[in-house]
Amino acid sequence: MTLGLLVLYTLPFAVIAQGIPHFVEKLTTAEGLSSNIITDLVQDDNGFLWIATPDGLTRFDGTETIHYPEGANSLPHSYVYCLKKLPGHYLAIGTQAGLSFYNETTGAFQNFYSHHQPPLDLYNNMIIQLETDAHGNCWAASNNCIYIFNPQHKLKKIICSPFTVTTALRERISFVRQILPLSSGDVLLHLYNGWTRFSISADTLLPFRQRPAFLPKVSESFLINHTFKIFDKHVITIPSGKDSLIIFDETGREESSCYFPYNKYPYIFWSQQIIPLDSTHLLLLFHNDGLVIIPVHWQSGIPLLSPLSPMLFDGAKYKTALRDDQGNWWLATTNEGLQKISPSHQYFTGTTLIDQQSRNPIRYEVTSLIRQGRRLWVSTYGNGFFDIDLSTGHQSQHQLTATGDGRWANFVWNITQQEKDTLWLGTQIGLFWYNLSTGKHGRLPNRSGKPPILDSVAITTQFLDSHGLLWMGLGKGMGLCCYDRQSRLFTWYPGNTAGAYPLRYPTGVTEDGKGNLWFTNDASNQLVQWNRQTRQFTVISVPYTAQKHIGGLGAICCQADSILWLGDITGGLIRFNTRDHTASLYNQDNGLSNCHISDIYADRQKRLWLVTEGGLVCFDPRRTTFTNYSTKDGLPVSYPTANFLYDPQDSCLYTGGHGSYFYFNPDKAFPGRSAKRIFITDMRVNGAPWPLNQAEPAVFRSQQNDITIQYAAVDLSDGPSTRYAYRLIGADTGWMTAGKQRQINFSHLPPGHYTFQVQAVDGNDTANAPVAGISFRIDPPFTRTAGFYILLLLVTATAILILYRYRSRQLNRTRQIRSEISRNLHDEVGANLTDISISSLLAQRQLHDEASVNRILERIYQDSQLVSESMRDIVWSINPDIDTLGEALPRMLHYASSLLEANCIELQAEIAPEVERLHLTMKQRRDVYLIFKEAINNMVRHSKATCAIVKFYLSGKALIMKIADNGAGFDPMTPTTNNGLKNMHERARQHRWKLEINSRPQYGTTIILNTA
């Protein structure tokens, strides 16, 4: 929020000359203050101004206000009574509900609330005064007690009042009225029953051995504040019944005094304050009626009081005041917000011109000024001209009469002094003379070749050159007239005339180092040069005027021998080199507030002062920077209208505007500006706040790449004019201008190390401005880290190894399958084929024996059937389409039912539904089938059973195959030459299956296969 502007007090000239502030700004709720009731002020170590109000605490940096209300991680109560700056970047804050210590570095609040007397908690925790003693202890006074905290903010002692709950309910209790720390470390306390002393060594209250002379008598009212601590070891008092102020040292020795006529009601009552602003100024804030400034000067280390200022701001109600480290005075009012008196805004001193007939300020603008001794002559365009006595401020208004046109004669363009007692007035209807002694006036007599045109057209300019020639511009295109003071002769150069003046008429004139004259002209962007040696006029074109859209040239000023500065009415300020005819343009892009320039003055520091329609402007050619002044900077007029007058007697530059004139010292209008302190105030990551002031740079994940950073420069003198530049090292090392923007957002930052830096810049200077910065790191995503690539390499190697092993197992399985097929073909098919081959040979040999041949053919048929069956079993076992057990069971049951029914054995089969979905490998499926087949074959061959039971079910994820019969059974322990049982056990062992064969003679046989 920017400061609002309010000129509260306009003082007479004689008073202003004493250095009394006359331009006051304000900060109120309209500009962002939480309340217009100010209870206390303090400036912290970073330069921020802290403002205590009943509606919370406000921090002000010169541009924006930040509000701290009651809440979690904030104040214990919104009503803030008092503030105190503590060592180590801390603030003590006294509130309605306890004390708070604020850490300026971390932004954390540490709140204190006492329960040492629960019935009186309300009174004990209303902190209304804060002080620090010489040992750094913080004294916090409530209505009922005093808390003493050590420099580490730990409670050290409580000084309790004798008040009870009954007293508090019946009376308005006030235990402490004033705390005066002494340089020895002891503290003087103005308690409810008088003054006493707290001994820091004895750690208790002690009576006075000898009462200090600066303390009021015991018999005097305890309600009135008479005594105030100033500087380090001094006290100022308002002695009762005396018309003086007195300064004492801490021992009670009187050091100085001054006359004080206000020691009476209503000025002095109970709430007045004396505030030391600096070593040379004290402010006395009256109980209810404005303030006075008490000047102080020092002699041999002793402060001496000077005469008081007049009473200022009569009727204003002030609570406290301070001077910030930039020299600004801040006045806390009780109901009108905060007032600011800035030294940088006191440079312009204005005087309103009063019309003598209406007694109101004049309506028209000031056009020119001249000084004659202690008299200042001011011309106006519509109200005649004025004579001001600079010693008294008295004004006299003069108007031209009996001119034939009384109205337009008082539209005065310019004034020059021709003789000791004569003025020449250039008006809208010609040239007039005015006698300073008699007050008589009239037109110039028609002699000495005076051209009649001087009595009928506007005199647009009067310029006296170094040779005593007065040059006058003639309106309505009538050219130029020259008057030689020495010969008293006139020379007229008609306008737009060859051999005379080449353009319409001049509006501005300057003289270069060679004595040649340069003219700007009405409605023209060309210059006219008059060569003193040849006495000829030459039209000079300014380069680039067409391309740059330069309008009519108005103001003109010569700097050095060959540099002309030109004011354009639309384009800005032009630097024209008359030697090489080069030009440079400076306008809004360089910081100029308004491009309509009507006058230019070069001061001793080679700076240019410009009269513009946007205010007063100063241009520094060395730095190519503009400083713009308007009403918010103390300028008494909205914008100046008069040509400059420099007065070497008081080193002041005069000009004027609508209804008034003003002056200032151009050498003092630029106070030494200290570099603006700048801070990072907030940081947000993906919209969430991030804590500042960490020891190590912040580290963010790759997704946390939207960074918002807020910053602020502290400038309590001219905060709104602050411009910023920033850079992000790690992304771009170059400085970027941010204007007045106080927040920067970086979106989608790539991973990397970054340092954000920001500075408050003055003009284009980024080399010397202080820098605030914050470093952070955005980690890359895991897929872009070395660990990821190592893991990827390991995964790839593992995958290759797995594939290799898988391929190896597949090859081994293929070899096993091939070997198995080969072995089966050899064992089952090969043997049968051999039998067929042998039987065929036998049949050939026994063809004569038909019975033998039939037997052999029968054997060949059976062997061929076995070969066919074996081939079908082999093909079935390696068929990939048979994936589940449900697809294999039909063949197995078909085989069993065919064989058992042929041998009159009844088959009972039970198959659980979930068995059909069981997946088996090709080898597992084949071995289950062969074990099943072998069991069925053995049953048919040896059991002599009449009934067979076959069951398939799951136990967990394991297949259980159970085959039982009611046959003859056998003793499993009896040795046998049958390979069938051995093959069954071998096949189960290969898969780590469990095969149980339970049998007893006459009790049948049960075979159980468990694939677990």
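Scoring rules and cut-offs
Residues numbered from 1 in each chain as written. Predicted model: local features only at pLDDT ≥ 70, side-chain atom pairs only at ≥ 80, totals over all residues. Heavy atoms only, no water. UniProt positions renumbered as here; feature names shortened; annotations may be inferred. Phe/Tyr/Trp six-rings, centres within 6.5 Å; stacked < 30°, edge-to-face > 60°. Helix = DSSP H or I, 4+ residues; strand = E, 2+ residues; numbered from the N terminus. Lys NZ or Arg CZ within 6 Å of the ring centre and 35° of its normal. Core = buried A, V, L, I, M, F, W, Y, C linked by side-chain atoms within 4.5 Å. Buried < 20%, exposed > 50% of the residue type's maximum accessible area, 1.4 Å probe, protein only. Contact = heavy atoms within 4.5 Å. Axes fitted to C-alpha atoms, helices over the stretch in contact; angles between N-to-C directions. Parallel < 35°, antiparallel > 145°, perpendicular 65-115°, else oblique. Left-handed = near helix turned anticlockwise from the far one by under 90°. Nonpolar A, V, L, I, M, F, W, Y, C, P; charged D, E, K, R; others polar. Pairing = 2+ DSSP bridges. Patch = residues over 30% accessible without salt bridge, like charges linked within 9 Å, V, L, I, M, F, W, Y side chains within 5 Å. Areas by Shrake-Rupley, 256 points an atom, 1.4 Å probe, with all protein chains shown as cover. Salt bridge = Lys/Arg side-chain N within 4 Å of Asp/Glu carboxyl O. Polar contact = N/O pair within 3.5 Å; in protein donor to acceptor, adjacent residues only side chain to side chain.

- By the naming in an unreviewed UniProt entry, the protein goes by histidine kinase and is assigned to Puia dinghuensis.
- Listed under Catalytic activity (unreviewed entry) in UniProt, the entry text for the protein is "ATP + protein L-histidine = ADP + protein N-phospho-L-histidine."

Section: the packing of aromatic side chains
Any two aromatic rings considered together are summarised by their centre-to-centre distance and by the angle between their planes.
Phase 1: Under the criterion given, the structure shown has 61 aromatic pairs.
Phase 2: Ring centres of F101 and F149 lie 5.3 Å apart, and the angle between their planes is 75°; on these two criteria the pair is classed as edge-to-face. With F101 in strand 9 (residues 98–103) and F149 in strand 13 (residues 145–149), this pair connects stretches of sequence that are 48 residues apart.
Phase 3: Taking the centre distance of 5.6 Å and the plane angle of 20° together, the rings of Y601 and Y646 count as stacked. One end of the pair, Y601, is in strand 51 (residues 597–602); the other, Y646, is in strand 55 (residues 645–647), and 45 residues separate them in sequence.
Phase 4: Seen from the ring of F48, R59 lies directly overhead, with NZ or CZ sitting 4.2 Å from the centre.

Digging into the nonpolar core
Phase 1: Within the largest apolar cluster, 37 residues are counted, with the highest numbers of intra-cluster contacts made by F932, I936, F952 and M961.
Phase 2: If you list the elements that add at least two residues to this core, you get helix 6 (885–902), helix 7 (922–943), strand 68 (947–955), strand 69 (958–965), helix 8 (979–990), strand 70 (994–999) and strand 71 (1005–1010).
Phase 3: Top contributing element to this core by residue count: helix 7, with nine residues.
Phase 4: If sequence neighbours within four positions are ignored, F932 has contacts with M892, A896, V950, F952, M961 and I963.
Phase 5: Grouped together as the second largest cluster of nonpolar side chains are 26 residues, F48, L49, W50 and L338 included.

Here's the deal with the packing of helix 7 against helix 8
Phase 1: Running from N to C, helix 7 and helix 8 cross one another at 155°; their axes reach a closest spacing of 10 Å. If you check the angle between helix 7 and helix 8, you find them roughly antiparallel. The interaxial crossing formed by helix 7 with helix 8 has left-handed handedness. In this structure, helix 7 contributes K923, R926, D927, L930, I931, E934, A935 and N938 to the contact, and helix 8 contributes G980, L981, M984, R987, A988 and Q990.
Phase 2: Along the lines of polarity and charge, the residues of the contact of helix 7 with helix 8 split into six nonpolar, three polar and five charged.

So, the sheet that holds strand 64 (residues 743–746)
Phase 1: In spatial order, the strands read 59-58-61-64; together these four strands make up an open sheet with antiparallel pairing. In this open sheet, the two edge strands, each paired with only one partner strand, are strand 59 (688–689) and strand 64.
Phase 2: Both strand 61 (residues 707–714) and strand 64 contribute to a ladder of four bridges, which runs antiparallel. The residue of strand 64 that forms the bridge with I707 is F746.

Here we look at a nonpolar patch on the surface
Phase 1: Residues Y265, F269 and W270 make up a contiguous nonpolar surface patch of about 380 Å² in total accessible area.
Phase 2: Residue placement: F269 occurs in the loop between strand 22 (254–259) and strand 23 (273–278).

Some details on the sheet that holds strand 25 (residues 291–299)
Phase 1: Taken in spatial order, the four strands make up an open sheet running 23-24-25-26, and their pairing is antiparallel. Two strands bound the open sheet, and with one partner strand each, they are strand 23 and strand 26 (302–305). Across the sheet, the mean angle separating the axes of adjacent strands is 30° when strand polarity is ignored.

What about the pattern of salt bridges?
Phase 1: This structure, assessed with the given rule, holds 34 salt bridges.
Phase 2: In this structure, E255 engages R253 in a salt bridge whose closest nitrogen and oxygen atoms are separated by 4.0 Å.
Phase 3: For R253, a relative accessible area of 46% gives the class partly exposed.
Phase 4: Linking D927 and K923 is a salt bridge whose minimum nitrogen-to-oxygen distance equals 3.6 Å. Residue D927 and its partner K923 are both found in helix 7; the two are separated by four residues, about one turn of the helix.
Phase 5: Residue class for D927 comes out buried when judged on its relative accessible area of 1%.
Phase 6: Each of D603, R604, R607 and D667 takes part in salt bridges that share partners, so that together they form one network.

Quick look at the pairing of strand 71
Phase 1: Sheet topology places strand 69 next to strand 71; six bridges connect them, and they run antiparallel. Within the sheet, the bridge partner assigned to K962 lies in strand 71 and is I1008.
Phase 2: Inspection of the sheet shows strand 70 paired to strand 71 by six bridges, in the antiparallel sense. Along strand 71, the bridge assignment pairs E996 with I1008.
Phase 3: Hairpin remark: strand 70 followed by strand 71, antiparallel, with five residues in the connecting loop; positive phi at Q1002, about 70°.

Some remarks on the side chain of N665
Phase 1: With respect to the secondary-structure elements, N665 resides in the loop between strand 57 (660–664) and strand 58 (677–685).
Phase 2: Within the structure, N665 has its side chain in polar contact with the backbone nitrogen of D667 (distance 2.9 Å).

Things to note about unusual backbone geometry
Phase 1: A positive phi angle is found at N73, which is not glycine, with a value near 55°.
Phase 2: Topologically, N73 is positioned in the loop between strand 6 (65–68) and strand 7 (80–86).
Phase 3: Its identity is not glycine, yet A402 carries a phi of approximately 55°, on the positive side.
Phase 4: Along the chain, A402 falls in the loop between strand 34 (395–398) and strand 35 (412–419).
Phase 5: What makes A402 exposed here is its relative accessible area of 85%.

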